[in-house]
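Overview (structure and organization)
What follows is each chain in one-letter form.
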Amino acid sequence: MSLHHKHQIDRRRTFAIISHPDAGKTTLTEKFLLYGGAVVLAGSVTARKDQRATTSDWMELERKRGISISSTVLQFDYRGYRINLLDTPGHKDFSEDTYRVLTAVDAAVMVIDAAKGIEAETRKLFEVCRQRGVPIFTFINKMDRPTRDPLGLIDELETVLGIHAYPMNWPIGAGAEFRGLFDRRNSALHLFERTPGGSFKAPVEIGTLDHPILRERVDAATLTEAEEQIGMLDIAAAPFDEAAIGAGTLSPVFFGSAMNNFGVQLLLDRFLELAPPPTSRRAGSASIQPSHQPFSGFVFKIQANMDPRHRDRIAFVRIVSGTFTREMSVTHMQSGRRLRLSNAQTLFGRDRETVETAYPGDVVGLVGTRDLRIGDTLSEDQSIVYDEIPRFAPECFAYLHNPAPAQYKRFSQGLAQLLQEGVVQSFELPGRAQRVPLLAAVGPLQFEIVQYRLESEYGAPSRLERAPWVMVRWFEDPDDAFSFDELHLGSGVARAVGAEGEPVLLFRDEWSERYFQQKAEVTLLDRPARDHDRLSVNK
């Protein structure tokens, strides 16, 4: 490996920001881009008509609702680093797409609302990261508003999520009395001053807690409380350990306010210093390192019609090893065919730029590659086949009807494309008279996305009929599926076939699932066997 190639790998950071809705993920994303010089004006999640929409949101439905419901890739440079920020949905009805994006990152920043603490969606995303051993950095946001006790938030991180926490900095005051952050690692105090209009002056670094300026700006009670808390942390908190951070067992914690740039640069600078460069990926029993010379990568996301003018289809590839060059030829390992990668782009929201060269950790969008599917491998080394993309159990089910027979072709083509993208999963119920698609999703918002995109991109109306099931289970041994007939299924249970032809069972509630397993004495899994085994190994 040349020194140039090693330098390019070492300076890359590929990560995602995960959070509960409204915790401030999109705002933090915008501020990162602002520091990186990627945007001139940081947008707003709830952009008004006279404001710009958020840079990372591209779908019309996202702009109307003021939320992120798809995932895009944002690449920019900052202080010598090449940053690949994979933007994930933060809405409560986030999709399986969110989970898949987390397979392509090397670290994650978890945003927590200081007033609410850890919420349901944060826990789900955290679990996916922990199962894969992804290092997690925590940003406790909105410290300039009424908050919970900071020590209580740290305790919640450790008890609810089961991860050790190391506060990298500590707030001086909170809410209207929030005055700054004490950097524990450098023993430096960063003061902030509120100005009229709700804005803040740039932070001023003044040194230790006994500096005279601090005592002029902070009341004695607030300062005493902060000093006591910092003293407690020095005695009782988990020790700083870079190896534990890299292993995902210790989370560095940062406080601040993304909306007002409180602590954002402190977070970004320390994150880039401590987060790992591109890491290896498993290909069968082998571990493929970024330094491996032949090019290889895997498809983790597919998105159609990002540019409605061209009705294009983009396959997002995470580069694992080697060097990508425009016009290079690689093998599509699933089909054995050779592909020429002539139309590769980096994306920044809706904006695109042709890629000439890319390195491990980078994400490139391949335009017009109709045969690529999520999870596919592209490689110059034909011994490499990645198995990185798991399937997750959906919790929402619905039949999708075509109310306009004259639009059948548009309806079927559009739905086939959306299924290829993995927007939703599909199942088939044997013996059903009408072949109406049974769709399944992690969150119900995904059905709204399917209907919206069918109508807006393909001109095909649709009608949704909710189905009664709430969970799907796979057989640990698929042969068990044929060991009983319909009479033994019991009430509230239905036999179905997955998209890959595998037998599954659908259940109306948790009780029927538990009763069936006890009665039938078979082992059921919450995801296909190969995904269940692989994620268990990664824990």
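Check the entry above for the structure.
Scope of this entry: the structure provided in the associated data block. (Residues numbered from 1 in each chain as written. Predicted model: local features only at pLDDT ≥ 70, side-chain atom pairs only at ≥ 80, totals over all residues. Heavy atoms only, no water.)

1. Observations concerning unusual backbone geometry
- You will see that arginine 79, though not glycine, has its phi angle at about 50°, which is positive.
- Judged by its relative accessible area of 58%, arginine 79 falls in the exposed class. (Buried < 20%, exposed > 50% of the residue type's maximum accessible area, 1.4 Å probe, protein only.)

2. Quick notes on the packing of aromatic side chains
- Enumeration according to the criterion identifies 13 aromatic pairs in this entry.
- Summarising the aromatic geometry, the rings of tryptophan 511 and tyrosine 515 are spaced 5.1 Å apart at their centres and angled 5° between planes, so their arrangement reads as stacked. Highlighted residues: tryptophan 511 and tyrosine 515, both in helix H13 (residues 510-520), separated by four residues, approximately one helical turn.
- You can call tryptophan 511 exposed: its relative accessible area is 52%.
- Judged by its relative accessible area of 42%, tyrosine 515 is partly exposed.
- Three or more aromatic residues joined by ring pairs make a cluster, and in this case those are Phe15, Phe32, Phe137 and Phe271. (Phe/Tyr/Trp six-rings, centres within 6.5 Å; stacked < 30°, edge-to-face > 60°. Helix = DSSP H or I, 4+ residues; strand = E, 2+ residues; numbered from the N terminus.)

3. Overview of the nonpolar core
- The biggest cluster of nonpolar side chains holds 81 residues, and the ones touching the most others in it are Leu86, Leu157, Leu214, Phe300, Phe324, Leu341 and Leu378.
- Take this core: its biggest share by element is six residues, from strand S15 (residues 313-321).
- If we ignore the near neighbours within four places in the chain, the residues touching leucine 214 are Ile172, Leu189, Leu191, Ile206, Leu209 and Leu223.
- Membership of the second largest hydrophobic core comes to 31 residues, among which are Phe15, Phe32, Ile83 and Leu272. (Core = buried A, V, L, I, M, F, W, Y, C linked by side-chain atoms within 4.5 Å. Contact = heavy atoms within 4.5 Å.)

4. Considerations on the sheet that holds strand S27 (residues 463-466)
- Across the sheet, four strands lie side by side as S25-S26-S24-S27; this open sheet has antiparallel pairing. Because the sheet does not close on itself, it has two edges, and the strands there are strand S25 (425-427) and S27. This sheet shows a mean twist of 40° between the axes of neighbouring strands, independent of strand direction.
- With four bridges connecting them, strand S24 (residues 396-401) and S27 associate as antiparallel partners. Counterpart to alanine 398 in the pairing with S27 is arginine 466.
- Along the sheet, helix H11 (residues 408-421) makes contact with S24, S25 and strand S26 (438-441), crossing S24 at roughly 155°.
- Most of the contacts of helix H12 (residues 445-458) go to S24, to which it runs at about 20°, and overall it touches S24, S26 and S27. (Pairing = 2+ DSSP bridges. Axes fitted to C-alpha atoms, helices over the stretch in contact; angles between N-to-C directions.)

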